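A closer look at the structure
So you can see what is in the structure, the chains are spelled out below.
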Amino acid sequence: MFSENNRISGRQMYRLMTYDLLGIGTLLVPQMLAKTAGRDGILSIGIGMAAALAYLWILRRLAPPAQESYPEYMERQLGRIGGGIVQTGYLIYLVLLAGYVAYLFADIILRDLLRGESFYLVLSVIMLLVLYGLAGGIEGRARVYEMLFWFLLIPLFPMLFAAADEVCTDYWAPLGMSSLKGVAGGAYGVFLNLSFAFFLLFSGTYVRRQETLFAAGKRAILFVGCLHAVLYLVLEGIFGVPALAGMDYPAVTLMSTVKISGGFLKRTDAFMFGVWFFTLYALLNSCVFYGSSIAEKLWKPIRKMPKGKNYMWIFYGSVAVAASVAAICFYRSRAVFDWYERFLWYVGTPFLVLAPVFTAQKKWGRRMLALAVICAAALLVMTGCAPAELEDRDFPIDIAVRDMKDAGLTWYEAEQEGNRMVDYSHLKVLILEQEFVEDEAAVQEWLAFLKEKSEVPRNAYVVVTEDAEALLAQSETLGEAVGDYLEEQFENVSQIKKQAYPTIGSLYQEMDNRQETLFLPYVTVKDEKPAVEQYYVWKRGMPAGMVDAEAARLAFFTQNRMREYGLPLEEGMLLLSDATNEITFSEKDGVREVLVTIHCSGSVQGTGGKENKKELALLAEDYMNRMAANVQRKRQVDLTGSYRKLGGAARGWYEEYQKRGENYEEEIAIVYQVKINWIHLS
């Protein structure tokens, strides 16, 4: 049995505060950091955490005495009118924040789970759930959140671990390129999220000791701040800063990109949505709960309420309705949404910092209050004041794009021609005809369209072929969809790691990043089965022509995206595996050299030991150097992928080639050096 004493433990408060800080922060902070601080966003996180801990230290020293509610403390310090003005400020902040969270909550549901449903219906259900949650009081919510805490957060860590396999650490460099203003702006954005710790001021009557209360807040800030850092590094390493800055909800996008080995959990974004569901729900609940408590305190002097708790539903309902109106305004007008974000940055957060300070200073607090009201008013002026059942859905596995007519999305808009809805959540492969791929403007327009619509899953593979119809026709011979067959080959049969195969998300990223050389499988039909014997190169967002499969495999092996690489010998095969590769940059006598040192294990099959170890290593080096030079000469393609490493390893080159990247492949000399640890030499 649980006691009903309107008290919660320090552990429960820590988990409540973690929920309040985590949800909206993981959704919005990464994009904000990419826009303001870029690769130095990790520094902004550290500064923002330090500022939040300093803010918490100030709150601890300015908090009301034990067991005195914060609204009562404000009235005692500032008088009824002054205290009422500050409480009204908090109420406005909480109502608008609740509306903002409710809008984001509904928007994510409509984007990723219930496409085509009514925003107003989803918002109504969310608000009803909030009111239902308030029925159990703060004790009931704390118990539920305590039980669900690790059930919700534990799955997040395996997802981040699975995503780490796709992280490219080269995207983390170079550091120190952002302006001081950008780093400071990013730090302020992190602090804005962590400043929700002000809820602790209103929670003093629910925890026995203030030391316990603020210790819980400190732990929550440290935990969430560290999680922000890990998440930002993962997102930056997978998408790159330019692409990350253009995403609305990068963390949700990440979960739709991650592929779990073994073929289960195909929609990890839907699975992980539970994390954001409960964290956003918790923050929305807190806003309505504390907002209602303030509203009740403000109403008491006007009209005495009857004894008992039932009348609190009047305030719960009123605050929930006001928050719903705010959410609808954000939904209907982008200008209102943008205005609120400016309000949050320039008015709301400074208010959270200053209000406790001038409340605690009884002698001059009222003067500061008058000044703050005038400043807030000035700042306000300056800131600018379709559902379908499963049986009515089609689930395409593969889609062909032949020309701009297809890119203008005959297939995408086909659902408008009939009564059935097309659901792209199960799409495995996009098949592009070569003629279409070579039209750079058409492809860019097509990618921009798909990215805006966000219907096609980002982890759908992209392949190129000469005749898409002929390739799709092989499904009858295979006995399964071509998309299913290719996905199985890419993920479970090929020696090439699945991360090497470009997805539609990879193409989106290169629209912004312009750093990678992608090798799109060129699929033909061989022995009545799809086969990949060539690759179409997509170099920093532009088509660069075809290379044979052997050249692409060398690129994959050089970039640690292939488990085993075979070189032909006169009477057998040299097999290289377990590679760790290092790329260094140097310049001598006007020649810029990219040295690729490959440390790997080696074995020989079928030669009878005719070649010695030294000869085999030299043979491997010669083979790789000739292959790389040939592709570089014919296609101006760098098989090593060294361009993306410039920021971390050759800063001077990086700054130079940011202005004239099209000359990079023409001005470098690639040299391979192979060091083999022999496993077997028969």
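Now for the side chain of Thr597. Counting through the fold element by element, Thr597 comes out in strand 11 (residues 591–605). Apart from the residues lying within four places of it in its own chain, the contact partners of Thr597 are Thr580, Asn581, Glu582, Gln673 and Lys675.

Moving on to helix 7 (residues 180–194). Helix length check: helix 7, at 15 residues, gives a terminal C-alpha distance of 21 Å against a target of 21 Å (1.5 Å per residue), a fit within 8%. Among the 15 residues that make up helix 7, eleven are buried, leaving the element largely enclosed by the rest of the structure.

All chains considered together, the criterion is met by 18 salt bridges. Ionic pairing is found between Arg334 and Asp338, a salt bridge with its closest N-O pair at 3.2 Å. Separated by four residues within a single helix, Arg334 and Asp338 lie in helix 13 (residues 334–360), roughly one turn from each other. Of the charged contacts, one joins Arg660 and Glu656 as a salt bridge, the two residues approaching to 2.2 Å between their closest N and O atoms. The exposure class assigned to Glu656 is partly exposed, which follows from its relative accessible area of 25%.

Glancing now at the nonpolar core. Ranked by internal contacts, the top residues of the largest apolar core, which has 130 residues, are Tyr90, Phe198, Phe199, Leu254 and Tyr340. Counting residues in hydrophobic clusters, the runner-up holds 65 residues, among them Phe519, Leu554, Met624 and Trp653.

With that out of the way, let us pick up the packing of helix 1 (residues 10–36) against helix 8 (residues 210–239). The N-to-C vectors of helix 1 and helix 8 enclose an angle of 30°; their axes lie 8 Å apart at closest approach. For the element pair helix 1 / helix 8, the angle class is roughly parallel. With respect to the hand of their crossing, helix 1 and helix 8 are arranged in right-handed fashion.

What follows covers unusual backbone geometry. In this structure, Pro174 follows Ala173 across a cis peptide bond, with omega equal to 0°. Relative to the helices and strands, Pro174 is located in the loop between helix 6 (156–164) and helix 7. One non-glycine residue, Arg514, lies in positive phi territory at about 55°. When you line up the elements, Arg514 lands in the loop between helix 21 (504–513) and strand 6 (517–526). Residue classification places Arg514 among the partly exposed residues on the basis of a relative accessible area of 31%.

This brings us to the packing of aromatic side chains. With the rule as written, the count across this model stands at 36 aromatic pairs. Considering the side-chain rings of Phe277 and Phe278, the 5.3 Å spacing of their centres and the 70° angle between planes classify their relative orientation as edge-to-face. When the ring of Tyr535 is compared with that of Phe556, the centres are 5.6 Å apart and the planes differ by 80°; the resulting orientation is edge-to-face. On the criterion of sequence distance, the pair formed by Tyr535 in strand 7 (residues 529–539) and Phe556 in helix 22 (residues 549–558) is long-range, its members being 21 residues apart. Like Phe556, Tyr535 is buried. Here the aromatic cluster, defined as three or more aromatic residues joined through ring pairs, consists of Tyr100, Tyr103, Phe119, Tyr120, Phe330, Tyr331, Phe337, Trp339, Tyr340 and Phe343. Above the face of the Tyr14 ring, Arg219 is positioned so that its terminal group lies 4.0 Å from the ring centre. The ring of Tyr643 carries the charged tip of Arg540 above its face, separated from the ring centre by 4.0 Å.

Procedures and definitions
- Residues numbered from 1 in each chain as written.
- Predicted model: local features only at pLDDT ≥ 70, side-chain atom pairs only at ≥ 80, totals over all residues.
- Heavy atoms only, no water.
- Helix = DSSP H or I, 4+ residues; strand = E, 2+ residues; numbered from the N terminus.
- Contact = heavy atoms within 4.5 Å.
- Expected span 1.5 Å × (residues − 1).
- Buried < 20%, exposed > 50% of the residue type's maximum accessible area, 1.4 Å probe, protein only.
- Salt bridge = Lys/Arg side-chain N within 4 Å of Asp/Glu carboxyl O.
- Core = buried A, V, L, I, M, F, W, Y, C linked by side-chain atoms within 4.5 Å.
- Axes fitted to C-alpha atoms, helices over the stretch in contact; angles between N-to-C directions.
- Parallel < 35°, antiparallel > 145°, perpendicular 65-115°, else oblique.
- Left-handed = near helix turned anticlockwise from the far one by under 90°.
- Phe/Tyr/Trp six-rings, centres within 6.5 Å; stacked < 30°, edge-to-face > 60°.
- Lys NZ or Arg CZ within 6 Å of the ring centre and 35° of its normal.

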